[in-house]
Amino acid sequence: MDKYQPQKFEEKWVKRWKDEKIFQDTYKQLDVTPESKMYLLYAFAYPSGSGLHVGHVEPLTALDILARYYRSIGKKVFFPVGWDAFGLPAENYAIKTGIPPVKTTKDAIDTFSHQIKRIGVSYDWGTEVATCHPGYYRWTQWLFLQLYKKGLAYKKLAPVNWCPSCQTVLANEQVVEGKCERCGTDVIQKKMEQWFFKITDYKDQLIEGLKKLDWPKATKQQQLNWIGKSQGELIKFPFVDTEIEGDLEVFTTRPDTIEGVTFMVISPGNAHVPIIAAQSKNKKKIQEYVDKCANDTDEERQINKDKTGVFTDTYVKNPVTGEKIPVWISNYVLSGYGTGAIMAVPFTDDRDRAFAEKYDLEIKEHGEYKKLVGKKEIQYKLRDWLISRQRYWGAPIPIVYDPQGKAHPVKKENLPWLLPTDVDFKPTGESPLRLSKEFIERVEKLYGKGWTPEYDTMDTFVDSSWYYLRYTDPRNEEEFAQIDHLKKWMPVDFYMIGPEHIVLHLLYSRFFTKFLRDEGYLSVDEPFSKMRHQGMILGPDHRKMSKSKGNVINPDDVMSEYGADALRMYEMFLGPIDADKPWNVDSVQGQYRFLKRVWNFFGVLEKMSDLDTKESNKEITQLLNKTVKKVGDDIEALKFNTAIAAMMEFFNEVSDNLSFIDAKSFLKILSPFAPFMTEEIWRNILKNKTSIHLEPWPDFDENLLKQSKITLPVQINGKVRGTIEIEVEMKEEDIIAKAIDNVNFSKYMVEQKYKKAIYVKGKILNIIV
Ligand code: ANZ
């Protein structure tokens, strides 16, 4: 028996498991029922050039433990894998180095796959898909065309968020505090023809559907905030003392505050602005102010603490009080929300108050006005999803234009609508696909002279918001997935994804699911029944790991020193899965030592000739039953750290006296956590022919879980005088006999005589003397 040297055998098992195909092609399993299925999903990984991070190891291991556990209790587990492989990093790298994205992406996928296999993740590699593969993006294009047919994909001239550095438009969701989510550059507004998906058609369903999901509460709340439904009133304030006809209409959630209105504010982009400016004495100032604001995005205005504004020298009349109210223009009112105009109530509203204080406007106390003055109105913050990107490394939008410029869908037989390869990657502000000769020639050949392709590609969130559907039938060339397969596996039973995805990906996925349900492809309303977010693994200095701080831990280094099992055990032992946790080198060694003790224990067993004859000790068997139950329950409750603690406690307590049968059960419950070592012991030391990972979870005897001994309080004349230890099943007369044999109690009696004894089973014994 060798020393515990995981490096000697771990890689061998990676290969053997692959050759034996023990986890492969699970999507083809038969007799899958809603009760027996278990679809486990980890966030679609972007294969970055820098490889796997210790922060990936934690959620991957957690899901792998679930997969191994559920398989062994007889569930039909589906645990697929694939790559979110289009996107900006590969393209930006290509701009710098000239290496085509297809090459860097392929290399990165190779690195990632190798590392994921190396840590023992029991993915079904038979499902592997990559969004940049024509066999995948053909169906992304198909999905676009289904939306197009239903009028849910449309093109319009719209002010868009433009990142001057990435040279592309961004979705609202990709603008964070006025900056590009990716590169941090200030985002500006630009008017451009862009493609949108009409997600707003589903806004009420997207709110409704959240109710039945087992998701973190905060995530649901953030989705609700993003959709931003609010109920209020539209109120008309007629213009007075000007040639402007009509009213200034505002949206308010507080019509009851109308008596406190002291000024009105309209956004710089409001349609009234040019009309107001034309007749105003302040015309020049208004023009200057509007020009200054033209580059701000709505997001920027929302966070802009420094409210600025200009007076229009125009007035409206308060429909309730009849007062004359001045109209201002300010960047704190958003053009894209409500009517783009508000009634300001500085007495009650903080933003209005700040503005009033800055410009010395009246602040008027007010009561609660009860009569309805406007029309009831519901407003939403959610906007349609802008999906076109002026970038190369994405799925081409499957649209062609006739010589008159009218859009037509690419014909089904021309899908996949291939991404041309003869392009330069330099961002010019225009789509790089314009530079491809092959692309335009292809269109003319297939559609006719003068026809042109759509040059934009799709946002990569389109690719990554339906991948869990493709997994169910990943090699189907006739359909995006067979209805039977979708029925069999959907919805995803458990999804583990980082907390950064609470809005974009999850909202888009829910939208696609509802759309495809309406099209008759899916029979579920929601894609992900249960979801949790993993916490962040921090550096040993308790700060976020980053190259610049020099606190990054590389999983490969940990593995080469301690092995993959110790890395897995350690990351699971760190603490609750959803908490942020700092890295701690000493605890890796702790887990390594624990594994070594288990290894050595089986090494001793190997030498013993009486392996099978060692008697099971009842107390140990009982403790094992308890541990088996606890580890199973903890895995289901995602409490991996306490499951490991229970196994360590068990092993430390009983390893000297463990029988062979019990030792095998212990090895099995350890196997989801430490799949390599347990397999090596199971097959090489204990000489089993098939994998430990195909063994069933040990049975436990419910009866043995019950406590056999309890401490019983004893009263003398109604007063507790002490306790006795009894067996749960002991007869009443034996319990009484035991009590009066005890000097603590017999000292209250004469010759152990008493009048009466009242025994409440398992609770108390009262002796009346
Ligand atoms: C008067 C008032 C008094 C308001 C008060 C609030 C509090 P939700 O929908 O909850 O975000 N508002 C309306 N349109 C706006 C726009 N385009 N840009 C910025 N603010 C806008 O809030 C709706 C409230 O936000 C509306 O109700 C309006 O101010 C403001 F004590 O009207 B309220």
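Please read all numbers here as calculations on a predicted model, not as lab measurements. (Residues numbered from 1 in each chain as written. Predicted model: local features only at pLDDT ≥ 70, side-chain atom pairs only at ≥ 80, totals over all residues. Heavy atoms only, no water.)

1. A short note on the overall build of the chain
Put simply, the rule is: Labels follow the DSSP assignment, with helices taken as runs of H or I lasting at least four residues and strands as runs of E lasting at least two, numbered in each case from the N terminus. Relative accessibility thresholds used throughout: buried, under 20% of the residue-type maximum; exposed, over 50%; partly exposed, between the two (1.4 Å probe, protein chains only). Contacts between residues were defined by any pair of non-hydrogen atoms, one from each residue, lying within 4.5 Å.
When you go through the chain residue by residue, the secondary structure sums to 26 helices and 30 strands. The principal-axis extent of the C-alpha atoms belonging to the chain is close to 115 × 75 × 50 Å. Counting across all 769 residues of the chain, residues that qualify as buried make up 54%. Long-range contacts, defined as pairs at least 24 residues apart, comprise 73% of the intrachain contacts of the chain with a sequence gap of at least 6.

2. Observations concerning the packing of aromatic side chains
Threshold: Pairing of aromatic side chains requires ring centres within 6.5 Å, counting the rings of Phe and Tyr and the six-membered ring of Trp. Pairs whose planes differ by under 30 degrees are stacked, by over 60 edge-to-face, and all others tilted. Two conditions define a charge located above a ring, namely a distance within 6 Å from the ring centre to NZ of Lys or CZ of Arg, and an angle within 35 degrees of the ring normal.
The final tally for this structure, using the stated rule, is 59 aromatic pairs. Relative to Tyr471, the ring of Phe44 lies with its centre 6.4 Å away and its plane at 85 degrees, an arrangement referred to as edge-to-face. Of this pair, Phe44 sits in the loop between strand 1 (37-42) and helix 2 (54-72) while Tyr471 sits in the loop between helix 14 (467-470) and helix 15 (483-489), and the two are 427 residues apart along the sequence. A residue is classified by how much of its surface remains accessible, and Tyr471, at 2% relative accessible area, is buried. A centroid spacing of 6.1 Å and a plane angle of 65 degrees characterise the contact between Trp466 and Phe480, whose relative ring orientation is edge-to-face. Highlighted residues: Trp466 in the loop between helix 13 (460-463) and helix 14 and Phe480 in the loop between helix 14 and helix 15, separated in sequence by 14 residues. Take Trp466 and Phe480: they sit in the same class, and that class is buried. Looking at Lys307, its charged tip hangs above the ring of Tyr332, at a distance of 5.5 Å from the centre. Sitting above the plane of the Tyr315 ring, Lys324 keeps its charged end 4.5 Å from the centroid.

3. What to know about the side chain of Asn331
Where we set the bar: Two N or O atoms count as a polar contact when they lie within 3.5 Å, although within protein this holds only if one can serve as hydrogen donor and the other as acceptor, and sequence-adjacent residues are included solely when both atoms are side-chain atoms.
Residue position: Asn331 is located in the loop between strand 14 (324-330) and strand 15 (341-344). Asn331 gets classed as buried once you look at its relative accessible area, which sits at 4%. Looking at Asn331, its side chain comes within polar contact range of the side chain of Thr308, at 3.2 Å.

4. A look at the sheet that holds strand 28 (residues 719-727)
For clarity, the threshold we go by: Only strands joined by at least two bridges in the DSSP assignment are considered to pair. Whenever a helix is involved, its axis is fitted only over the stretch in contact; in every case the axis is a line through C-alpha atoms, and angles between N-to-C directions fall within 0 to 180 degrees.
Read across the open sheet, the four strands follow the order 28-27-30-29; overall the sheet is mixed. Two strands lie at the open edges of the sheet, namely strand 28 and strand 29 (756-760), each paired on one side alone. Mean inter-strand twist for the sheet, computed between neighbouring axes without regard to direction, equals 20 degrees. Where strand 27 (residues 709-716) meets strand 28, eight bridges bridge the pair, whose relative direction is antiparallel. Across the sheet, the residue bridging to Val714 is Gly722, located in strand 28. Each of strand 27, strand 28, strand 29 and strand 30 (764-768) touches helix 25 (residues 732-740); the most contacted strand, strand 30, lies at about 65 degrees to it.

5. Some details on the site of the ligand
Note the cut-off: If a single non-hydrogen atom of a residue is within 4 Å of a molecule or strand, that residue counts as near it. For accessible areas, the Shrake-Rupley method is used with a probe of radius 1.4 Å. Any residue's cover is judged against the shown protein chains and nothing else. Residues are grouped as follows: Ala, Val, Leu, Ile, Met, Phe, Trp, Tyr, Cys and Pro are nonpolar; Asp, Glu, Lys and Arg are charged; all remaining types, including Gly, are polar.
What surrounds the ligand is a group of 18 residues, the closest being Ser230, Thr252, Leu334, Tyr337 and Lys381. At 2.9 Å, a backbone N or O of Thr253 approaches an oxygen atom of the ligand. The side chain of Arg351 places a nitrogen or oxygen atom 3.5 Å from an oxygen atom of the ligand. In isolation the ligand exposes 650 Å². Once the protein is present, 87% of that is buried. Contributing elements (two or more residues each) for the shell around the ligand: strand 11 (247-252) and strand 15. A per-class count over the shell around the ligand returns eight nonpolar, six polar and four charged.

6. Quick look at the side chain of Ser72
On the secondary structure map, Ser72 appears in helix 2. By relative accessible area, which is 8% here, Ser72 ends up buried. If near-sequence neighbours (up to four positions away) are discounted, Ser72 is found in contact with Lys668, Glu695, Pro696 and Trp697.

7. Observations concerning helix 2
The condition that has to hold: What a helix is expected to span follows from its residue count: subtract one and scale by 1.5 Å.
Over its 19 residues, helix 2 extends 27 Å from the first C-alpha to the last, a length consistent with the 27 Å expected when each residue adds 1.5 Å. By the criterion of burial, helix 2 is predominantly enclosed, with 16 of the 19 residues buried.

8. Considering the domain arrangement of the chain
In plain terms, the rule: In this entry, domain limits derive from an automatic or database-based domain assignment.
As assigned here, the chain comprises domain 1 (229-380) and domain 2 (709-768). Between the C-alpha centres of domain 1 and domain 2 there is a distance of 82 Å.

9. Here we look at the state of the cysteines
Stated precisely, the cut-off is as follows: Two cysteine sulfurs form a disulfide in these notes if their separation is within 2.5 Å.
A full pass over the atoms with the stated rule returns zero disulfides. The thiol of Cys166 is unpaired, and the distance to the nearest cysteine sulfur, on Cys183, comes to 3.8 Å. Owing to a relative accessible area of 5%, Cys166 belongs among the buried residues under this scheme.

10. Describing helix 1 (residues 6-20)
Counting along an α-helix, one turn takes 3.6 residues, and residues three or four places apart therefore face a common direction. Cut-off, in case you're wondering: The directions from the helix axis to the C-beta atoms are what the arc is built from.
In this model helix 1 runs 21 Å from its N-terminal to its C-terminal C-alpha over 15 residues, within 8% of the 21 Å that 1.5 Å per residue would give. When we look at burial in helix 1, the residues that qualify are Pro6, Phe9, Glu10, Trp13, Val14 and Trp17. Axial view of helix 1: buried residues confined to an arc of 155 degrees, hence all on one face. Seen from the buried face of helix 1, the exposed residues on the opposite side, beyond 90 degrees, are Lys8, Lys15 and Lys18.

11. What to know about the environment of His533
Relative to the helices and strands, His533 resides in the loop between strand 24 (531-532) and strand 25 (537-538). The class of His533 is buried, set by a relative accessible area of 10%. Distance in space between the C-alpha atoms of His533 and Ala579 is 9.1 Å, their sequence separation being 46 residues. Polar side-chain contacts of His533 include one of 2.7 Å to the side chain of Thr219. A polar side-chain atom of His533 sits 2.9 Å from the main-chain carbonyl oxygen of Ile497.

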